[in-house]
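What follows is the residue order along each chain.
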Amino acid sequence: MFETRSGEKLLKTDPATMPPDGHVVFIGRIASPWTTRETCPKNMKAARETGRPAALTIDPLYRDGLLDLERASHVIILSWLHHAPRQLIVQKPRHATEPKGVFSLRSPARPNPIGLHVAKLVALDIDTGRIDLDAIDVLDGTPVIDLKPYFASTDAFAEATMAGRDEPGRVE
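Since this is a predicted model, take the numbers as computed values, not measurements. (Residues numbered from 1 in each chain as written. Predicted model: local features only at pLDDT ≥ 70, side-chain atom pairs only at ≥ 80, totals over all residues. Heavy atoms only, no water.)

With two bridges joining them, strand β1 (residues 9-10) and strand β5 (residues 88-91) adopt antiparallel strand pairing. Its bridge partner being in β5, K9 is matched across the sheet by V90. Judged from the two bridges that link them, β5 and strand β6 (residues 100-101) form a sheet pairing that is antiparallel. Note that in β6 the partner of V90 across the bridge is G101. (Pairing = 2+ DSSP bridges. Helix = DSSP H or I, 4+ residues; strand = E, 2+ residues; numbered from the N terminus.)

So, about the pattern of salt bridges. Any two side chains of opposite charge can pair, on the condition that their charged atoms come close. Scanning all chains against the criterion turns up five salt bridges. With a shortest N-O distance of 2.7 Å, R130 and D132 are connected by a salt bridge. Among the salt bridges present, the one from K148 reaches D146, with a minimum N-O distance of 3.6 Å. Owing to a relative accessible area of 38%, K148 belongs among the partly exposed residues under this scheme. Here D146 falls in the partly exposed class, since its relative accessible area comes to 29%. (Salt bridge = Lys/Arg side-chain N within 4 Å of Asp/Glu carboxyl O. Buried < 20%, exposed > 50% of the residue type's maximum accessible area, 1.4 Å probe, protein only.)

Neighbouring strands of a sheet are bound in pairs by backbone hydrogen bonds; such pairs are parallel or else antiparallel. Around the barrel, which closes on itself, the six strands sit in the order β2-β3-β8-β7-β4-β9 with antiparallel pairing between neighbours. Neighbouring strand axes in the sheet, compared pairwise and without regard to direction, differ in orientation by 45° on average. Both strand β4 (residues 74-80) and strand β9 (residues 143-149) contribute to a ladder of five bridges, which runs antiparallel. If you follow I77 over to β9, its bridge partner there is L147. (Axes fitted to C-alpha atoms, helices over the stretch in contact; angles between N-to-C directions.)

On to the environment of K42. Structurally, K42 can be placed in the loop between β2 (28-31) and α1 (44-50). With a relative accessible area of 63%, K42 lands in the exposed category. Expressed as a C-alpha distance, the spacing of K42 and E159, which sit 117 residues apart in the sequence, is 23 Å. Leaving out residues up to four positions away in the same chain, K42 has contacts with R37 and D137. (Contact = heavy atoms within 4.5 Å.)

Let's shift gears to the environment of D14. Take D14: it is sitting in the loop between β1 and β2. For D14, a relative accessible area of 24% corresponds to the partly exposed category. C-alpha separation for the pair D14 and D155, spaced 141 residues apart in sequence, amounts to 32 Å. Residues contacting D14, with those up to four places away along its chain left out, are R86 and Q87. Engagement of the side chain of D14 in a polar contact is seen with the backbone nitrogen of A16, the distance being 3.0 Å. (Polar contact = N/O pair within 3.5 Å; in protein donor to acceptor, adjacent residues only side chain to side chain.)

Core analysis: the largest hydrophobic core is formed by 21 residues, its most contacted members being L56, L69, I77, I131, L133, I136 and L147. Elements with a contribution of two residues or more to this core: β3 (54-58), β4, β7 (114-125), β8 (130-133) and β9. For this core, the element with the highest residue contribution is β3, accounting for three residues. When residues no more than four places from it in sequence are discounted, the contact partners of L147 are I27, L56, I58, L66, L69, V75, I76, I77 and I131. (Core = buried A, V, L, I, M, F, W, Y, C linked by side-chain atoms within 4.5 Å.)

Structure follows, in C-alpha cells:
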C-alpha cells in the first residue's frame, strides 16, 4: 500500500513487531466512504470538500462515555491508522523536494500510526453509539482509540505557522 521513495529511511525494527507497552484499546470504528488509499482524501479539508459524510460507532462497553457530548459542535477523533507502515522514519512526500522526518509530517506512516481528526458532530445516538460526522479522512473500518470535545478557545491557535508552507486564509 505504501511504496518506498528515494531518500527515505526505515527503522531497523518495525514497531509493529515490538511488544505492546501502552495497553491501548479500540473503542469503536469509523464508517467512511473511502475503501482505498487512492480514493481517501489526504486531509480533513479535502474530505469536507467531497461533501461525503461519515459515522463513528462506539462499542457498547464505552457508550456511557458519550453522555453530554451532544453539547459539542465538533469533536477530536484519535484513530489507529491500521494500514499504515510503522517503520518509515524519514519520508519523501510526492510534493516535497527533500526528504523529511516523520515527526515534521502529517503522513499516516509513523511508528505509532495515530490519526488526529477534527470533525463536526452532526448527530449523536448514545443508545447505538453512533456519531454522525460531516466528513472524515480515513479508510472505512478504521479503529478509534479516543474521542474528545473540541474547544476553539483552547485548541485553536490563529498564529500557528509552518515555515515554507503556503497557508491561504491564515490570520496574520
